[in-house]
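Understanding the architecture of this molecule
Read off the chains here:
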Amino acid sequence: MRVLLISVGNHLRRDDGVAHAVTQLPGAADFESRALIQLTPEVAEDIAGYDAVIFLDADARAADSNIETLDESRSVSALTHVSSPAEIVELSRTLFGFAGQAFLCRIPADDLSCGEGLSFRAREHAARAARELAILLRDLRSAHRI
Amino acid sequence: MSRRIVIDRVTRIEGHAKISIQLDDRGRVQSAKFHVTEFRGFEKFCEGRPFQEMPGLMSRVCGICPVSHVLASSKAGDMLLGIEIPAAAEKQRRLVNYAQILQSHALSFFHLSSPDLLLGMDAPASRRNLFGLIDQHRDFLRRGIRLRQFGQQVIELVGGKRIHPGWSGPGGVHLRFSTEQRDEILRWIPEGHESISIALERLKRLLDSFRAEVEHMGNFPSLFLATVNAEGGLEYYEGVIRIVDGSGNVIASDLEPARYFTYLGEASEEYSYMKSPFYQPFGYPQGHYRVGPLARLNVAKFAGTARADRELREFKQRAGGTVCESFHYHLARLIEMQHCVERIEELMTDPELFGENVQARASLNRREGIGSCEAPRGTLFHRYFVDQDGLMKKAELLIATAQNHQAMNLAVEQTARHFLKPLSADASPDEGVLNRIEAAIRCYDPCLSCSTHALGQMPLMVEMIGPGGAVLRRICRES
C-alpha cells in the first residue's frame, strides 16, 4: 500500500512548521513524506498514484490535534495561495484520477512569529499527533491486507 | 454623509490585504486605497546571521517565488566575496529563474485569473473559482496545473527541492547539471509550448469581451522599470535598468542595479505596511512606476526568442507603443511564459550549462553586497551590510510588489470610479463590481507574504464606514 504524508508549513515561522516535526517522529518517520511550505495546485498530480494521502498542517484555531477524513465537497479557500487539502484531493480525483483515501491531521499552533523552534504546546501536540498517525497508518495497512 | 467601503480581505492574491473605498456624501467614489496588513519582519530576523546563510533564509520570504530571493541573495553574496561566478553556475541560476517565472505565472493566470476570464466578472462568486472551470474547461485547467508542474519539476531537478531550493549561494551553485536532468526537462518542452499557445490564443479571443475592463481597470500612463540586456532585450538575471514612460520615451537607461538606492526612493504611507517606491528624479508620488511582465515587455526592445518575439511585436502594436492597460499584464505574463520555455529549451543545448566548475571560492572582501534579478512580479533588489566576520548587520529588500503599490492604488481607484455607481445609504455594492475591483489588483499578481501558512478560510469582508469611523454596513462573502 502506498501512503504519502504531506506536511505543510514554514519552519522559520515557529509553530507553523510543526507538521514537519511530526513526520520525523516514531510512527510516521517510516513512511514516504513530502515537506511543503504551502499547498499549491500541482500537488493534485503528485498524489494521484497513492492509495492514501495524509496532510498534516498547523492550525491556530484547533484546540487539540485530530485526524479527519477529507470529504469530497468542492470547498474552495478564499485565498487560493492557501489551497486547502480538500481542494487538492478534489482536483486530483477530477483531473488526475486519484482514487485513494485522504485525511487531514490538524496540529494546534500557538506561536507563528519569525523564528525557529516549536512552542511547548506545539511540541506536546506534535507527539500526540504522531501517535494518532501511527494508529491510522496501522489501520490502513491492515485494511489493505484484508 | 460620506462613507467608506472596505474590502477585507482581497481574495485570490498572495497574502493579506484589504481595499477601502471612500465615498462622498452623494455615494460617489472619492478615493480608493489598497492596504497591506501583513507585516513580515524578515529583514530584522536576519541580523547577526552569517551572510552565507542568507539565500536559505531569504527563500523563506515567499513560498511562490523563493527562487528570486535565493538568486538576489546569492548575487549579493557574490558581491560580498568580490568574485565572478563560473559560467555553469550562472547558466543554472538562469535556468531555475526561467522555471520559476513559468510556474509562478501559471499559478497567476490559470488558477487565480482564469475564473474571471473564462467565467466572466459577473459570474457568481461561488462558481468563479477553479472548480467552476472543471465542467467546461477541464483540459485548460489541467494544462495550467501541468505547466506549473513543469516549472516546479525543473526547480526540483536542479535545485534539489521545489519550494526552497538551497542549491545556490555566494560564489555559485553546489551541484553540476547532468544529461539525465536535461533529458527529464526536455520531455516537458513540447507540452509547454502547446499549452501556452492554446492559452495565448484563448486570451486574445477573449479580449473583445473585456473592452470595458481593459479600458477602465487600471489604464493610466506611468513609468515602467525593468532590467534589460546590453542590446536592450528582455533579461531576467543580469543587466542594466531601463525606465520608459507611458508614451514610450526612454527616461533613463544603463542604470546600475547595484546603485538602485541612488535613483529609487521609498515613501511610507500610514495606511499600509508596504512601502511606496518611486523614481527619485521625479519625486513622490509623481515618480511612481510599474514593474513586472507589463513593464518588462514595455521596456524591452525585443525578446530574443522566435515565438516570444512574434508575440511581443503584436503586443506592442496593440497599443501603438507602450501598453498602459493593467489588464494586459495577463497577456504579458503568457508571452513571458512562452519566452521562458524557449529559453529553457535553448539552455538544454548550451555546453556551458554542463560545466564542471560551479563554485568560485573566496573570503569576505566587501562589507556591502547588492543583488538583483527579475522576479515573476518585477525587479527584486537585496542589499546587505555585514561586519568584519561576515555577520549580517542589516538587510534591505526592495520587492517587486511594493514597486507596484501606487499603480495598484490607481487601478483600484479607477476601477471603482468607473464601475461603482452612486450608492444610497443602505445599498450594497454589486458583486460583479467588487470582483472587478479585486481583479484590478489581481492583474498585478501581488505577492504580499506567503511565509505563514495556516488552515482556515478567509472571507471577503466589505465594510461601509461613515465619516465618524462607525461601520454602517458589513458584507461578508466566501469566494
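Residues numbered from 1 in each chain as written. Chains lettered and ligands numbered in written order. Predicted model: local features only at pLDDT ≥ 70, side-chain atom pairs only at ≥ 80, totals over all residues.

Now for the confidence of the model for chain A. Note: predicted coordinates in regions of low pLDDT should not be interpreted at a detailed level. Residues with a pLDDT of 70 or more make up 91% of chain A, whose mean pLDDT is 86. Across chain A, the element-wise mean pLDDT spans from 89 in helix H4 (residues 120-145) of chain A up to 95 in strand E5 (residues 101-108) of chain A. (pLDDT = per-residue confidence, 0-100. Helix = DSSP H or I, 4+ residues; strand = E, 2+ residues; numbered from the N terminus.)

Residues and elements named next belong to chain B. Across the sheet, three strands lie side by side as E12-E13-E14; this open sheet has antiparallel pairing. Either end of the sheet is taken by a strand with one partner, and the two such strands are strand E12 (368-375) and strand E14 (392-398). In this sheet, adjacent strand axes meet at a mean angle of 15° when their direction is disregarded. In this structure, strand E13 (residues 378-386) lies alongside E14, joined through six bridges in antiparallel fashion. Looking across to E14, one finds that Tyr-384 is bridged to Ala-395. With respect to the sheet, helix H3 (residues 66-81) is in contact with E12 and E13, its orientation differing from that of E12 by roughly 150°. (Pairing = 2+ DSSP bridges. Axes fitted to C-alpha atoms, helices over the stretch in contact; angles between N-to-C directions. Contact = placed C-beta atoms within 7 Å.)

For the rest of this paragraph, the subject is the domain arrangement of chain B. Residue and element names in this part refer to chain B. According to the domain assignment, chain B contains domain 1 (3-38 + 407-477) and domain 2 (84-219 + 325-361). Residue-level contacts link 18 residues of domain 1 with 16 residues of domain 2. If you list the elements that add at least two residues to the side of domain 1 that touches domain 2, you get helix H14 (405-419) and helix H15 (431-442). A per-class count over the side of domain 1 that touches domain 2 returns seven nonpolar, five polar and six charged. (Domains from an automatic or database assignment. Nonpolar A, V, L, I, M, F, W, Y, C, P; charged D, E, K, R; others polar.)

This part takes up the environment of B:Ala411. Residue and element names in this part refer to chain B. One can find Ala-411 in helix H14. Judged by the 29 C-beta atoms lying within 10 Å of it, Ala-411 falls in the buried class. The contact partners of Ala-411, leaving out residues within four places of it in the chain, are Met-217, Gly-218, Ser-326, Ala-440, Ile-441 and Cys-443. (Buried ≥ 20, exposed ≤ 12 C-beta atoms within 10 Å, placed from the backbone.)

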